[in-house]
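Spelled out from the first residue to the last, the chains are:
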Amino acid sequence: MRGLMQEFPLLVHRVLDHAARWHGTRPIISRSVEGPLHRTDYATVSRRSRALASACEARLGLSMGSVIATMAWNTWRHLEIWYGVMGMGGIVHTLNPRLFTDQIAYIVNHAEDQWIFTDLTFVPLLEKLQDQIPHVKGFIILTDEAHMPNTTLRNPICYETLIASGDEAYAWPEFDENTACGMCYTSGTTGHPKGVLYSHRSNVLHGMMCALGDAMAIKSIDVAMPVVPMFHANAWSLAFSAPIGGAALVMPGPKLDGASIYEMLTEGCVTITAAVPTVWLMLLQYLEQNPDLRLPQLNRVVIGGSACPESIMKAFVETYGSDVIHAWGMTEMSPIGSLGVPTGQTNSLSAEDWWTVKLKQGRPPFMVDMKITDDGGNALPHDGTTFGRLKVKGPAIARSYYKGDGVNAFDAEGWFDTGDVATIDPHGYMQITDRAKDVIKSGGEWISSIELENIALGCPGVHEAAAIGLPHPRWDERPLLVVVRRQGSAISRDDVLRHLDGKIVKWWMPDDVAFVDEIPHTATGKISKLELRTRFKGYAFPGT
Ligand code: ADP
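Computed from a predicted model, the values in this text were never measured in an experiment. (Residues numbered from 1 in each chain as written. Predicted model: local features only at pLDDT ≥ 70, side-chain atom pairs only at ≥ 80, totals over all residues. Heavy atoms only, no water.)

1. Observations concerning the overall build of the protein
As a reminder of what qualifies: Only DSSP runs of H or I with at least four residues qualify as helices, and only runs of E with at least two residues qualify as strands; both kinds are numbered from the N terminus onward. Buried residues are those whose accessible area, probed at 1.4 Å on protein chains only, stays under 20% of the maximum for their type, while exposed residues exceed 50% and partly exposed ones sit between those limits. Whether two residues touch is decided by their heavy atoms; if any such pair falls within 4.5 Å, the residues are in contact. Computed with the Shrake-Rupley method and a 1.4 Å probe, the accessible areas treat only the protein chains shown as cover for residues.
Summing up its helical and strand segments, the protein has 15 helices and 24 strands in all. Across its three principal directions, the C-alpha atoms of the protein cover 70 × 60 × 50 Å. Burial statistics for the protein: of 544 residues in total, 58% are counted as buried. Pairs at least 24 residues apart make up 67% of the contacts formed inside the protein by residues separated by at least 6 positions. Approximately 22300 Å² of the protein is accessible, and the part contributed by carbon and sulfur atoms is 52%.

Quick look at the structure:
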């Protein structure tokens, strides 16, 4: 027997309809690519999204299932494209401009993007790339007529002119909630990037999940600033969970340096924000250089994408009075998988014990299930010390990659193998010890590169640290710690090793410390271990 409740497919434009009707005047403040701050609200964005949807049908020939790409910063216009194109039944494919150009071309061709909506910033990049993506019909440039560039792009269209030709009274179509609406490729550090195809249902459920109290707790009194780009794994849901909760939005646009982020945080009275650790490192350095500056409104900072060092968390909590939520996830998970928030049980821990737990990547909210297994697929205990392969399940987690790539990551029972190695403690807090391909295997045992890096970052004079495993004649692999010194610091190998001494078991101690000017990063801001291992190929440890 079926229930007698209304049919109400979970379509993403319902999220914007809700925000427009019930939180219509909540502001959306963006730093525009043209320069000045731009102010709008949910009611206006909703009207313009409908106009865009109608113009996409009439002028660009889009219909249900059409794929378009965006190469754009977080601004109100990018938001309008998401809701307008998804709302008319199209698929928005977000392109990461930080990828190598050959990878971008591969992705655009693989996804069969029909049009590319681009910010002014990326016009030169796309001009160079356009011959490699011949099926793309043209480029919509996110600006007004006054700022249209002189460009060799084929079929350049001005975004504001396109919207002006549309109908604000456009009625969203109704369709199945499992219809695809968004696409994002993983960065493909090994092999080609793989496409993740989000559905309306998965985006709405994930947006609601992230707004939950024990997740990001998004409320209508909040002002949310996704610094994490919309082209990186759905901006960690904030473009959905902010309008679901009725929170105002602040969009940082193209400027992500410490001073610019500080300006947006204070100008917009931001209460919750989210980004990878490197962004917060830049902000904290700027604040350190300007000791009078404070963050009085900022209530919580969500940090993820790579392990958040203790020094960053403590600076926010102890110096600026903002709470930090350490989060973990991945593109395939829409992307949030766990968040480090307290429970009834951990609330009674001492401050010191709570910090040990808080530094972990957190607990899964409702709609994410997780387990750790050995290589044979057997579940491992939640004792906080046994590490295993981390596998996940849920309605906003991929069940396959686009066009059937990467089948090995999915098992018959529906678990997705994240490629991460983790422990889960008796309180249910998961801790990532490594990416499976980055663990350091010494004498048959595993050393966590992430833990070595975190502890090294607490050493005064260390700006950034990366631990990699290099071949060793006796132990198979041994850890090398690669360090970037803080500006003006003369810290030595022995200083760093002395700092680690006593904080790790003896056999985890790096065999050497190498100082470099810069550590390479991937297009999603993670340390590129692959590149580091290549750079240090043939490195001889002292005494070998
Ligand atoms: P990419 O395209 O670079 O793979 P993702 O965002 O999908 O981008 O990367 C997901 C991976 O990032 C995870 O599998 C995990 O290894 C790492 N990661 C994400 N958040 C954290 C975190 N808080 N701590 C440690 N690693 C993390």
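2. Concerning the packing of helix H1 (residues 12-22) against helix H7 (residues 200-211)
Each pair of packed helices can be described by the angle between their axes along with the distance between the axes. The line we're drawing: Note on method: axes are straight lines fitted to C-alpha atoms, helices fitted across the in-contact stretch only, with angles between N-to-C directions ranging 0 to 180 degrees. If an angle is under 35 degrees, it is roughly parallel; if it is over 145, roughly antiparallel; if it lies from 65 to 115, roughly perpendicular; otherwise it is oblique. Lys, Arg, Asp and Glu make up the charged group, whereas Ala, Val, Leu, Ile, Met, Phe, Trp, Tyr, Cys and Pro make up the nonpolar group; the residues left over, Gly among them, are polar.
At a closest axis distance of 8 Å, the pairing of H1 and H7 adopts a crossing angle of 45 degrees. Of the possible angle classes, the one that applies to H1 and H7 is oblique. Counted together, Val 12, His 13 and Val 15 of H1 and His 200, Asn 203 and Val 204 of H7 form the full contact between these two elements. Residues belonging to the contact of H1 with H7 are distributed by class as follows: 3 nonpolar, 3 polar and no charged.

3. Structural notes on the nonpolar core
The nonpolar side chains of soluble globular proteins are, as a tendency, buried together. We apply this condition: Buried Ala, Val, Leu, Ile, Met, Phe, Trp, Tyr and Cys residues that are joined via side-chain atoms within 4.5 Å together make up what is termed a nonpolar core. In this entry, domain limits derive from an automatic or database-based domain assignment.
Residues Leu 60, Leu 79, Phe 117, Met 216, Trp 280, Phe 316 and Trp 328 are the most contacted members of the largest nonpolar core, which totals 119 residues. With 8 residues, the top contributor of residues to this core is helix H2 (residues 42-60). Both domain 1 (12-339) and domain 2 (369-435) contribute no fewer than three residues apiece to this core. Leaving out residues up to four positions away in the same chain, Phe 117 has contacts with Leu 52, Cys 56, Leu 60, Ile 68, Ala 69, Thr 70, Met 71, Ile 81, Ile 140, Leu 142, Tyr 159 and Leu 162. Formed by 28 residues, the second largest nonpolar core is a distinct cluster that contains Ile 116, Leu 126, Phe 139 and Ile 141.

4. Side note on the packing of aromatic side chains
Put simply, the rule is: Working definition: rings of Phe, Tyr and Trp (its six-membered ring) pair if their centres are within 6.5 Å, and the pair is stacked with planes under 30 degrees apart, edge-to-face with planes over 60 apart, and tilted otherwise. Here, a charge over a ring is recorded when the distance from Lys NZ or Arg CZ to the ring centre is within 6 Å and its angle to the ring normal is within 35 degrees.
Scanning the entire structure with this criterion turns up 14 aromatic pairs. Their ring planes at 50 degrees and their centres at 6.0 Å tell us that Tyr 262 and Tyr 286 sit as a pair that is tilted. Highlighted residues: Tyr 262 in helix H9 (residues 258-267) and Tyr 286 in helix H10 (residues 277-289), separated in sequence by 24 residues. Looking at Tyr 262, the relative accessible area reads 12%, which means it is buried. Relative to Trp 508, the ring of Trp 507 has its centre 6.2 Å away and its plane inclined at 80 degrees; by these criteria the two rings are edge-to-face. Residue Trp 508 is classed as buried on the basis of its relative accessible area of 11%. Ring pairing ties together the aromatic residues Trp 73, Phe 122 and Phe 231, which thus form one cluster. One cation-aromatic arrangement involves Arg 14 over Phe 8; the distance from NZ or CZ to the ring centre is 4.1 Å. Taking the ring centre of Trp 355 as reference, the NZ or CZ of Lys 358 above it sits at 6.0 Å.

5. A word on empty space enclosed by the protein
Gaps left between atoms are located by rolling a probe of water-molecule size over the structure's atoms. Using the following cut-off: In this analysis the probe radius is 1.4 Å and the grid spacing 1 Å, with only protein atoms considered; a cavity is a set of points the probe fits into but cannot get out of, a pocket is an open set with protein on both sides within 12 Å along at least five of seven lines, and lining residues have an atom within 4 Å of a point. Grid points are joined across faces, edges and corners, and a volume is the space filled by probe spheres set on the points.
In this structure the tally under the stated criterion is 3 cavities of 30 Å³ or more. The space that makes up the largest cavity amounts to roughly 50 Å³. Of all the elements in the fold, those that place two or more residues in the lining of the largest cavity are helix H3 (76-87), strand S4 (91-94) and strand S8 (180-185). The element contributing the most residues to the lining of the largest cavity is S8, with 3 residues. For the lining of the largest cavity, the per-class residue count stands at 6 nonpolar, 4 polar and no charged.

6. Let's talk about the domain arrangement of the protein
Stated precisely, the cut-off is as follows: When two parts are put together, the accessible area they lose, computed with a 1.4 Å probe and summed over both, is reported as buried area. Definition of a polar contact: a pair of N or O atoms within 3.5 Å, with one able to donate and the other able to accept a hydrogen when the atoms are protein atoms, and with sequence-neighbouring residues admitted only if both atoms are side-chain atoms.
Under the domain assignment used here, the protein contains domain 1 (12-339), domain 2 (369-435) and domain 3 (440-535). The gap between the C-alpha centroids of domain 2 and domain 3 is 26 Å. With 6 residues of domain 2 at the contact, the number on the domain 3 side is 7 residues. Buried surface at the junction of domain 2 and domain 3, both sides included, amounts to about 560 Å², of which 59% is carbon and sulfur. Of all residues in domain 2, Phe 387, Thr 433 and Asp 434 bury the most surface against domain 3, accounting for 64% of the area lost on that side. Our count for the contact surface shared by domain 2 and domain 3 stands at 2 residue pairs in polar contact (both at pLDDT 80 or more). Looking at which element gives the most residues to the side of domain 2 that touches domain 3, the answer is strand S19 (residues 430-435), with 4 residues. Per-class residue counts for the side of domain 2 that touches domain 3 are 3 nonpolar, 1 polar and 2 charged.

7. Details of the sheet that holds strand S6 (residues 138-141)
As a reminder of what qualifies: Here, a strand pair is defined by DSSP locating no fewer than two bridges between the strands.
Taken together, 7 strands build an open sheet; the order of strands is S7-S6-S5-S3-S4-S8-S9 and the sheet is mixed. Two strands bound the open sheet, and with one partner strand each, they are strand S7 (156-158) and strand S9 (195-199). Strand-to-strand twist across the sheet, computed as the mean angle between neighbouring axes with direction ignored, equals 25 degrees. Sheet analysis places strand S3 (residues 67-71) next to S4, joined by 4 bridges and oriented parallel. In the sheet register, Thr 70 faces S4, and the bridge partner there is Thr 94.

8. Points about the sheet that holds strand S17 (residues 388-393)
Remark on secondary structure: sheet strands pair via backbone hydrogen bonds, oriented parallel or antiparallel. Read across the sheet, 4 strands follow the order S16-S17-S18-S19 without closing on themselves; strand pairing throughout is antiparallel. Across the chains shown, the open sheet's two edge strands, defined by having one partner strand only, are strand S16 (369-373) and S19. Along the sheet, successive strands turn relative to each other by an average axial angle of 45 degrees, direction set aside. In this sheet, strand S18 (residues 416-424) lies alongside S17 in antiparallel orientation, the contact comprising 4 bridges. Bridge pairing in S18 places Gly 388 opposite Ala 422.

9. Structural notes on the site of the ligand
Our working definition: Here a residue is considered near a molecule or strand provided that any single heavy atom belonging to it is located within 4 Å of it.
Close contacts around the ligand come from 18 residues, with Ser 187, Ala 327, Thr 331, Asp 420 and Thr 524 the closest. Here a nitrogen atom of the ligand and a backbone polar atom of Ala 327 are 2.8 Å apart. Within the side chain of Thr 331, a nitrogen or oxygen atom sits 2.7 Å from an oxygen atom of the ligand. Across the complex, the protein chains shield 95% of the 570 Å² of accessible surface that the ligand would expose by itself. Per element, the largest residue contribution to the shell around the ligand is 4 residues, and it comes from strand S14 (residues 323-329). Tallied by class, the residues present in the shell around the ligand amount to 4 nonpolar, 11 polar and 3 charged.

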